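Structural description and commentary
For reference, the chains in residue letters:
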Amino acid sequence: MNTDPNETWLRSYLYVRIAMVGLLVALGVAVGFQTWHQGGELLSSVSAYYYTPAQGIFVGSLIGLGACMIALRGTTEMEDVLLNIGGMFAPIVAVVPTARGADYDTAVQQCKEGGELPTGLSCPDVQALADATRANVQNNMVALLVLGGLGIAITIFLFRHDKKAPWLAIIGGAAVYGAVLAAFVLSLDWFVASAHYLAALGLLLSIIAVALVNRRRHRMPGAQVRLDRYGLLAWALIIAAIVAVPLWFSGVNLFWLEIGIAALFACFWIVQTYEQRPGSPTAVTPMTPDVPTAAEPSAATERS
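Criteria and cut-off values
- Residues numbered from 1 in each chain as written.
- Predicted model: local features only at pLDDT ≥ 70, side-chain atom pairs only at ≥ 80, totals over all residues.
- Heavy atoms only, no water.
- Patch = residues over 30% accessible without salt bridge, like charges linked within 9 Å, V, L, I, M, F, W, Y side chains within 5 Å.
- Areas by Shrake-Rupley, 256 points an atom, 1.4 Å probe, with all protein chains shown as cover.
- Salt bridge = Lys/Arg side-chain N within 4 Å of Asp/Glu carboxyl O.
- Helix = DSSP H or I, 4+ residues; strand = E, 2+ residues; numbered from the N terminus.
- Core = buried A, V, L, I, M, F, W, Y, C linked by side-chain atoms within 4.5 Å.
- Buried < 20%, exposed > 50% of the residue type's maximum accessible area, 1.4 Å probe, protein only.
- Contact = heavy atoms within 4.5 Å.
- Phe/Tyr/Trp six-rings, centres within 6.5 Å; stacked < 30°, edge-to-face > 60°.
- pLDDT = per-residue confidence, 0-100.

A closer look at a nonpolar patch on the surface
A contiguous nonpolar patch, built from Val142, Val146, Leu150, Ile154, Phe157 and Leu158 and spanning about 580 Å² of accessible area, is present on the exposed surface. Looking at where Ile154 falls in the secondary structure, it is placed in helix 5 (residues 123-158).

Next comes the structure, spelled out in structure tokens:
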């Protein structure tokens, strides 16, 4: 039985979208189980679970999420740019851990200055933790940077003669890549201390912008969606982001706020996935590359 190639592309597109929701569910389950296992005690943020047995799923889910965001083609050119940028930030959030807090930073500094710690920890123990974190970040980021560089180079090579190439997305991704590479090379210590927070902020802003782009698309003439679902989700994400900034500076526990933001992103993705399902009258076309069917021979076949 012959299968329409375009149908195959559409279903693959759908499955990648569903996988993204699955990755968020896996992350939630891992964090929830670890919280239950430690007697219901919440850590200061979801990112803090990097230091728990949930680390494997935390890192794997965010890397997988980033890969899916980059692989998917956006419904508009701007959405494609934002998905690529957000997808580049997600693995950095995964492999560069959040700081352990002011007490830990103070202990590391005291050890560097040759001072004594008032706690039961010894300087060799604290310094070993700092060195291990630095080595992990260095190793993982080198791998990501090599992969990212190859990805950009291969993409440019594949699209070099294509007039419909997503050059805006490619340029945007290359700009983010250049900034991350420069920061990593110029100061590894600064990168270890700051990259997680900046990447998390970049990922959050990308998600908000994607929701706003879809809100604008659905408010254009001819839109078939009556309820402004994207607008509601976009405003909810914006409010959550505005609330998060002062809370973060005040040192308040952000766990539930981060869970709420992840849930809003999952809701947005489910809404858009349902809209873009194969056969849906609200699906944006073309969502996939033009693939010749049996009834539509390719140009190469016609020339032969």
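Describing the nonpolar core
Soluble globular proteins tend to bury their nonpolar side chains together. Formed by 65 residues in total, the largest nonpolar core has its most connected members in Met141 and Phe191. When contributions to this core are tallied by element, the ones reaching two or more residues are helix 1 (5-37), helix 2 (55-71), helix 3 (77-95), helix 5, helix 6 (167-186), helix 7 (188-218), helix 8 (229-250) and helix 9 (255-275). For this core, the element with the most residues is helix 7, which contributes 12 residues. Residues in contact with Phe191, not counting those within four places in the same chain, are Ile92, Val96, Val137, Met141, Val180, Ala183 and Phe184.

A look at the packing of aromatic side chains
Here a ring pair, both rings aromatic, is described through the centre-centre distance and the interplanar angle of the planes. One pass over the structure, following the stated rule, counts nine aromatic pairs. Between Tyr50 and Phe58 the ring centres are 6.5 Å apart and the planes differ by 80°, which places this aromatic pair in the edge-to-face class. As far as the burial class goes, Tyr50 and Phe58 line up, both buried. Between Phe265 and Trp269, the aromatic rings sit 5.8 Å apart at their centres with planes inclined by 35°, giving tilted as the arrangement.

Some details on the confidence of the model for the protein chain
The pLDDT averaged across the protein chain works out to 80; a share of 76% of its residues lies at or above 70. Of all secondary-structure elements in the protein chain, the lowest mean pLDDT belongs to helix 10 (residues 299-303), at 42, while helix 2 reaches the highest, 93. When the criterion is pLDDT under 50, residues 286-304 qualifies, and its contacts beyond four places in sequence or with other chains add up to 20 contacts.

A look at the pattern of salt bridges
Considering all chains together, one arrives at two salt bridges under this definition. Arg73 is the partner of Asp80 in a salt bridge, and the nearest nitrogen-oxygen pair spans 3.5 Å. The residue Asp189 makes a salt bridge to Arg134 at a minimum N-O spacing of 2.9 Å. Residue Asp189 is located in helix 7, and its partner Arg134 is located in helix 5; the two are separated by 55 residues in the primary sequence.

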